[in-house]
Amino acid sequence: MARVSAPPPVDADAPGPGAPVPTPPRGLLDRDGPDEPARVDPPGRWTRGRRRLAAVPRRAWWWAIVALLVVAVAGAYAATRPPGPPVLTQRDVDASVQRGLAKQAEAEAAAPPDGAVAHAAIAPSLVLIQTEDTVAGRAREGSGAGVVVNEDGTVLTALHVVDGSTAITVTFADGTRSPAKVANEQPENDIATLTPSRLPETVVPATLGGGVQVGTPVFAVGHPLGLVDSLSAGVVSALDRSVRVEGSRQLDHLIQIDAAVNPGNSGGPLLDRAGQVVGIVTGLANPTDQSLFVGIGFAVPISTAGGAAGSPPR
């Protein structure tokens, strides 16, 4: 008997001959058209339906690492930086002001007083003047003060200290004694200059100052009543005063001071706080017959007195 082969099994879901082949969903085959073959994605990508995810580029990883490092450094700095200044309160301000005032007071207390500064500046230039003359056949001695104003040793003083003297002796700050002669005189201003015959080893001229105002602190230095190298303090009481001396003679444009001056101060320097010479003491006002200080003294401004020593007007 002929053996009959059995037909292959038939898929019930398969289309019959001549039936159109169904088109699969586009998302399953990832096609762009019905006649295009399915595309194979390159390595490093995977496809699920229409969604594609690309691998992260290497450069993006570096930027991410750098960003993390920046954040880490910023966090470390924020955690370790020193704390900022505390907020000031009114109490802190008041305490600071008090400390500043206390330091200023300490500095002022430690600084030398104005009188000490002025005296130290004039001391090397101060001169003691001793005179001798004869009145009615009798020898008479006198004294006054002067100040060195030039490097050649010229001494500036009041004319009435040396006027009519037969002998003049000057003693410098270092103790050097020397005879001296009147070199120039201005009777209208009661000013004279002396030229010593012998100078000290070191000549220290004084510094001449400028004008003063009413109320300016001043210091008179001289040898009142024989008390050598004395300083008295006061202020300028008035300017441009005129006074009569020796009866008929009048002195004009004087500085009025309340610093104590007595016989022996005449011819001495009147100083400002820096020790600069602003005048030459010439006399005092006294309603009595005694030559004693009663609160008013006078000095020739250095702008006038300095002219006798060759200094330009100030």
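Residues numbered from 1 in each chain as written. Predicted model: local features only at pLDDT ≥ 70, side-chain atom pairs only at ≥ 80, totals over all residues. Heavy atoms only, no water.

(A) The arrangement of the overall build of the protein in detail. The helix and strand inventory of the protein stands at six helices and 14 strands. For the protein, buried positions account for 31% of its 314 residues. Across the protein, every contact between residues at least 6 apart in sequence was considered, and the portion connecting residues at least 24 apart equals 55%. Total accessible area on the protein is roughly 20300 Å²; 57% of this is exposed by carbon and sulfur atoms. (Helix = DSSP H or I, 4+ residues; strand = E, 2+ residues; numbered from the N terminus. Buried < 20%, exposed > 50% of the residue type's maximum accessible area, 1.4 Å probe, protein only. Contact = heavy atoms within 4.5 Å. Areas by Shrake-Rupley, 256 points an atom, 1.4 Å probe, with all protein chains shown as cover.)

(B) Local environment of the sheet that holds strand E13 (residues 277–284). An order of E9-E10-E11-E14-E13-E12 is seen for the six strands of this closed barrel, with the pairing classed as antiparallel. Neighbour to neighbour, the strand axes of the sheet diverge by 55° on average, direction disregarded. Along the sheet, helix H4 (residues 114–122) makes contact with strand E9 (217–222), strand E10 (230–245), strand E12 (269–271) and E13, crossing E9 at roughly 45°. (Pairing = 2+ DSSP bridges. Axes fitted to C-alpha atoms, helices over the stretch in contact; angles between N-to-C directions.)

(C) Representation of unusual backbone geometry. The backbone of Leu 225 shows a phi angle near 55°, a positive value even though the residue is not glycine. Here Leu 225 lies in the loop between E9 and E10. Within the chain, His 253 stands out as a residue other than glycine whose phi angle is a positive 60°. Among the structural elements, His 253 can be located in strand E11 (residues 249–257).

(D) Inspection of a nonpolar patch on the surface at higher detail. A contiguous nonpolar surface patch, about 370 Å² in accessible area, is contributed by Leu 88, Val 93, Val 97 and Leu 101. Along the chain, Leu 88 falls in the loop between helix H2 (58–80) and helix H3 (90–110). According to the relative accessible area criterion, Leu 88 is exposed, its value standing at 66%. (Patch = residues over 30% accessible without salt bridge, like charges linked within 9 Å, V, L, I, M, F, W, Y side chains within 5 Å. Salt bridge = Lys/Arg side-chain N within 4 Å of Asp/Glu carboxyl O.)

(E) Up close: the pairing of E10. As defined by bridge partners, E9 adjoins E10 across six bridges and the pair is classed as antiparallel. Of the residues in E10, the one forming a bridge with Val 221 is Leu 231. Two strands pair when backbone bridges link them, and E10 and E11 are joined in this way by six bridges, in the antiparallel orientation. Residue Arg 244 lies in a different strand from E11, and its bridge partner there is Gln 250.

(F) Just the confidence of the model for the protein, in detail. Counting all residues, the mean pLDDT for the protein is 81, and 76% of those residues have values of 70 or more. Mean pLDDT values for the elements of the protein range from 46 in helix H1 (residues 26–29) up to 97 in E12. For residues 27–32, every residue scores under 50 in pLDDT, and the model assigns this stretch 17 contacts once sequence neighbours within four places are set aside. Counting contacts from residues 44–50, a segment whose pLDDT is below 50, to residues more than four positions away or on other chains yields 14 contacts. (pLDDT = per-residue confidence, 0-100.)

(G) Spotlight on the sheet that holds strand E3 (residues 126–135). A barrel is described by the order of its strands in space; here six strands give the closed sequence E3-E4-E5-E8-E7-E6, paired in antiparallel fashion. The average angle at which neighbouring strand axes cross in this sheet is 40°, direction not considered. As defined by bridge partners, E3 adjoins strand E4 (residues 138–148) across 10 bridges and the pair is classed as antiparallel. Opposite Val 127, over in E4, you have Gly 146 as the bridge partner.

(H) H2, seen in detail. Its 23 residues give H2 an end-to-end C-alpha distance of 33 Å, which sits within 8% of 33 Å, the value for a rise of 1.5 Å per residue. Little of H2 is tucked away: zero of the 23 residues are buried. (Expected span 1.5 Å × (residues − 1).)

(I) Here's a closer look at the nonpolar core. Of all hydrophobic cores here, the largest spans 21 residues; its most connected members are Ile 122, Val 147, Leu 156, Leu 271, Val 277, Ile 280 and Ala 305. Counting only elements with at least two residues in this core, the list comes to H4, E9, E11, E13, strand E14 (297–301) and helix H6 (302–305). If we ignore the near neighbours within four places in the chain, the residues touching Ile 280 are Val 147, Leu 156, Thr 157, Ala 158, Ile 191, Gly 267, Gly 268, Pro 269, Phe 298, Ala 299, Val 300 and Ala 305. (Core = buried A, V, L, I, M, F, W, Y, C linked by side-chain atoms within 4.5 Å.)

(J) Geometry of the pattern of salt bridges. Going through the model one piece at a time under the given rule, you end up with two salt bridges. Arg 273 is the partner of Asp 114 in a salt bridge, and the nearest nitrogen-oxygen pair spans 3.9 Å. Placement of the pair is Asp 114 in helix H4 and Arg 273 in the loop between E12 and E13, with a sequence separation of 159 residues. Judged by relative accessible area, Asp 114 falls into the partly exposed class, the value being 37%. Its relative accessible area of 47% is what places Arg 273 among the partly exposed residues.

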